[in-house]
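Residues per chain, in single letters:
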Amino acid sequence: MRELLGQAWTVARKDLVLEFRTRTALLSAVVFTALVLTVFNFGRDPTAVATIDLAPSILWVTFTFAAMLALNRAFQLELENGALEGLLVSPVSRRSLYLGKLLANLGFVGVVEAVGLPLFVLFFDVPVGPVLLPLIGVIALATVGFVSVGTLFSAMVVRTRFAELMLPVLLLPFLLLPLTYAVQATARLLAGRPLSEVSGWLKLLAAYDLVFVAVALLLFPHTMDE
Amino acid sequence: MTLAQKGRRVVLAGLLLLGGVYVRALAFTPVERFQGPAQKIFYLHVPAAVTTELAVILVGLAGVFFLFLKDPRLDRFAEASAEVGTVFAAIVLTTGPIWGKPIWGTWWTWDARLTSTLFLFFLLISYHVLRGAVTDAGLRARYAAVLGICAVVLVGFIHLSVYLFPTLHPQPIVLRPAKPGLPPEMLVTLLMSFGVFLVLYVGFVMQRYAIALRREAASHV
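Remember, it's a predicted structure, so these values are computed and weren't measured experimentally.

Draft legend 1. Representation of the overall build of chain A. In terms of helices and strands, chain A carries 8 helices and 0 strands. Taken from the N to the C terminus, the helices and strands of chain A come in the order α-α-α-α-α-α-α-α. Relative to a compact globule of 226 residues, whose C-alpha radius of gyration would be 17 Å, chain A shows 18 Å and is just as compact. Taken along the three principal axes of its C-alpha coordinates, chain A extends 60 × 35 × 30 Å. Counting across all 226 residues of chain A, residues that qualify as buried make up 44%. Relative to all contacts within chain A whose residues are 6 or more apart in sequence, the contacts with residues 24 or more apart total 85%.

Draft legend 2. Layout of the overall build of chain B. Within chain B, the secondary structure is distributed over 6 helices and 0 strands. When the helices and strands of chain B are read in sequence order from the N terminus, they spell out α-α-α-α-α-α. Seen through its principal axes, chain B has C-alpha atoms that stretch 60 × 45 × 30 Å. Of all 221 residues assigned to chain B, the portion counted as buried reaches 37%.

Draft legend 3. Representation of the interface of chain B and chain A within the structure. On the side of chain A, 20 residues touch chain B, which itself brings 21 residues to the contact. Of all elements in the fold, only helix 4 (112-133) and helix 5 (137-162) of chain B reach the threshold of two or more residues within the side of chain B that touches chain A. The leading source of residues in the side of chain B that touches chain A is helix 5 of chain B, at 12 residues. Tallied by class, residues from the side of chain B that touches chain A come to 18 nonpolar, 2 polar and 1 charged.

Draft legend 4. Structural context of the environment of B:R208. All names here are of chain B. Considering the arrangement of structural elements, one finds R208 in helix 6 (residues 184-220). It is 28 Å that separates the C-alpha atoms of R208 and L114, two residues lying 94 residues apart in sequence. Dropping the residues within four chain positions of it, R208 is found in contact with A80, E83 and V84.

Draft legend 5. Representation of the confidence of the model for chain B in the model. Residues and elements named next belong to chain B. Mean pLDDT for chain B: 86, with 92% of residues reaching 70 or above. Ranking the helices and strands of chain B by mean pLDDT puts helix 2 (residues 42-69) first, with 92, and helix 1 (residues 3-28) last, with 88. We note a pTM of 0.88 for the whole complex and an ipTM of 0.88 for its interfaces.

Draft legend 6. Representation of the packing of helix 3 (residues 72-104) of chain B against helix 6 of chain B. Residue and element names in this part refer to chain B. The geometry of helix 3 relative to helix 6 is characterised by a closest axis approach of 8 Å and an angle of 130° between their N-to-C directions. Classed by the angle they form, the pair helix 3 and helix 6 counts as oblique. With respect to the hand of their crossing, helix 3 and helix 6 are arranged in right-handed fashion. When helix 3 is examined against helix 6, the residues R76, F77, E79, A80, S81, E83 and V84 are found in contact with a partner set consisting of Y201, F204, V205, R208, Y209, A212 and L213. Its residues placed into classes, the contact of helix 3 with helix 6 shows 9 nonpolar, 1 polar and 4 charged.

Rules used in this analysis
Residues numbered from 1 in each chain as written. Chains lettered and ligands numbered in written order. Predicted model: local features only at pLDDT ≥ 70, side-chain atom pairs only at ≥ 80, totals over all residues. Helix = DSSP H or I, 4+ residues; strand = E, 2+ residues; numbered from the N terminus. Rg over C-alpha atoms; globule rule 2.2 N^0.38 Å. Buried ≥ 20, exposed ≤ 12 C-beta atoms within 10 Å, placed from the backbone. Contact = placed C-beta atoms within 7 Å. Nonpolar A, V, L, I, M, F, W, Y, C, P; charged D, E, K, R; others polar. pLDDT = per-residue confidence, 0-100. Axes fitted to C-alpha atoms, helices over the stretch in contact; angles between N-to-C directions. Parallel < 35°, antiparallel > 145°, perpendicular 65-115°, else oblique. Left-handed = near helix turned anticlockwise from the far one by under 90°.

Here's what the structure looks like:
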């Protein structure tokens, strides 16, 4: 167990260091998020629809797209110079490799969301102050759900044709469910409903995370064998 | 007789039997009191839906066994089952709105059950898209197995959450904790239709499996 996590951390650190030193992917993902939020601003009629009604959808569609963009690069990175083969012959177990990639993706998507959330508040003037902690909880749980399946699929699509298009096609049906839970929870939080109304959705999100992290851990080695 | 020919005969028998079921459904099964003749589509819609789910579950199971046994027959079967499942899902998604328009007054609503069937259809489509995008046969089989297993897990999840959303859709009336809430004549017609859809499923899968075999043979030439 210690070894598994230790190796995972090594892989995650390698990815994150690479990401923060080059900054290209991270920066483009952040700019993309800001742009999607801007597009949403012009894609609605503020006099006809109250922002608060649309806010959960805006937040979650933006985060879903941002996560997908981030996940596309998770294994793309390893294609250059046959880095993936190098990783596979290194004494890192397949499960640690998955966990490491999962952690790195969580870090990446987390940074994008950490920038996206304040921008969302700023652009749409949504009162998140009183519900900030539970909202962050919802975002964290949903992100783990997105990234757990996404990491598994991004390992598969890099070796297919049209990889950039393939990931959204495979992944979106899997994201819709956590997206639904997250939107329901966010809508109730922003409407100032009591936390007890939200806890059911949080439990579903947590269950989704547990199940799909476990399934992905079991299946990931099969996507990597030569 | 080749597998394809056998499959064709099974399908032909299935189609004839389906005709028989509809003669029974239209002439010898009572008309539903509230829905009138529109309810007759039920004998197509429900068995098609159940067969779709069965097809998807078998894709997942074949995937699990494939990852352990690496038997190419399992992969061919999964491919065939997924494709037949897609066709049946399309039947569900076509017959549903035809019934929905007169009874609900709308072709489509984002109801939990309708949405979950649409999910299933998208999942099956993406399964075929993935298969089409991988050139190496061994890799394709493994990826397809992984996606198939994930899809079954997701379908299980969707089923659990369907019960949490309010629904317009009629509740299950056969497989439910209480005894079936259907008059015996309707139940018998429905069960016969289930049987016929199973025959059709088997026949289509046999034919599709034969196509997969031929494709493999052709790619080796």
